[in-house]
Structures are given as structure tokens and as C-alpha cells.
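# Descriptive analysis of the structure
Chain by chain, the residues run as shown.
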Amino acid sequence: MTNLKYDTLKLDKSLIDEGLRPEFRAILLAVLESTRDHKRIVVEGIETKEQFDALKSFPIIGQGYYFSKPLPPEEMQL
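### Focus: the side chain of Gln 51
Following the sequence through the fold, Gln 51 ends up in helix H2 (residues 49–55). Here Gln 51 falls in the buried class, since its relative accessible area comes to 9%. There is a polar contact of 2.7 Å between the side chain of Gln 51 and the backbone nitrogen of Glu 47. Apart from the residues lying within four places of it in its own chain, the contact partners of Gln 51 are Ile 16, Asp 17, Gly 45 and Ile 46.

Right under this line is the structure:
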């Protein structure tokens, strides 16, 4: 078995397309539990306030149209 090294885990938007279903919540909690060594977890595809509200209590980084449309690097504000 190969020991994979990573610093960021990105979860696909398909997991939240229909809201934060119990199955996704269970997956997210399992991922958070397995990454206790402070790996970054990015959830992409956040498009609505409801999705944002459901996820804001989790220690994740959110991406999606709720925050901004895709921008070229020179237009980003950090």
C-alpha cells in the first residue's frame, strides 16, 4: 500500500447539489475526523445561502458562485 501525502482534500460539488443531505454530512464528518492533522478541506460548488449556512459551522474552505464567479488571478482580492 502506498502512503499518499497531501495537504488539501477537495470535495466535489455533487455532494452538496441537493443540499447537505445526511449522507454528505456523514462523509464530511468522516473526512474531518480522518484529517485531524489539520489538512485543508475544500468544498466546491457552494452556490446558495442555504448551502453556505449548512456548511459554515465546519472547518472547511468553501468555493463557489455564492462567493464569486471565477476570476483571473489579477482580479482576485486576497
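### Section: the pairing of strand S2 (residues 40–43)
Sheet topology note: the strand S1 (residues 8–11)/S2 ladder contains four bridges and is parallel. Paired with Leu 9 across the two strands is Ile 41, which belongs to S2. Here two bridges tie S2 to strand S3 (residues 61–62), and the two strands are oriented parallel to one another. Its bridge partner lying in S3, Val 42 is registered against Ile 61.

### Side note on the nonpolar core
Core analysis: the biggest nonpolar cluster contains 14 residues, and Phe 24, Leu 28 and Leu 55 have the highest contact counts within it. Elements with a minimum of two residues in this core: helix H1 (22–34) and S2. Setting aside chain neighbours within four positions, we find Leu 55 in contact with Ile 16, Leu 20, Phe 24, Leu 28, Val 43, Ile 46 and Ile 60.

Here is what the cut-offs are and how they apply
The residue numbers shown here count from 1 along each chain, following its written sequence. Given that this is a predicted model, residues contribute local features only at a pLDDT of at least 70 and side-chain atom pairs are listed and counted only at 80 or more, while totals for whole chains, interfaces and linings are drawn from all residues. The side-chain numbers reported here are obtained from all heavy atoms of the structure, hydrogens and water having been left aside. Put simply, DSSP H or I for four residues or longer makes a helix, DSSP E for two residues or longer makes a strand, and each gets a number counted from the N terminus. Exposure is judged per residue with a 1.4 Å probe applied to protein chains only, and the accessible area is read against the type maximum: over 50% gives exposed, under 20% gives buried, and values in between give partly exposed. A 3.5 Å cut-off defines polar contacts: any pair of N or O atoms within that distance qualifies, except that in protein one atom must be a possible hydrogen donor and the other a possible acceptor, and neighbouring residues in sequence count only when both atoms are side-chain atoms. In what follows, residue pairs with any heavy atoms lying within 4.5 Å of each other are defined as contacts. Each pair of strands is called paired provided DSSP finds at least two bridges between the two strands. We define the nonpolar core as a collection of buried residues of types Ala, Val, Leu, Ile, Met, Phe, Trp, Tyr and Cys that are connected through side-chain atoms lying within 4.5 Å of one another.

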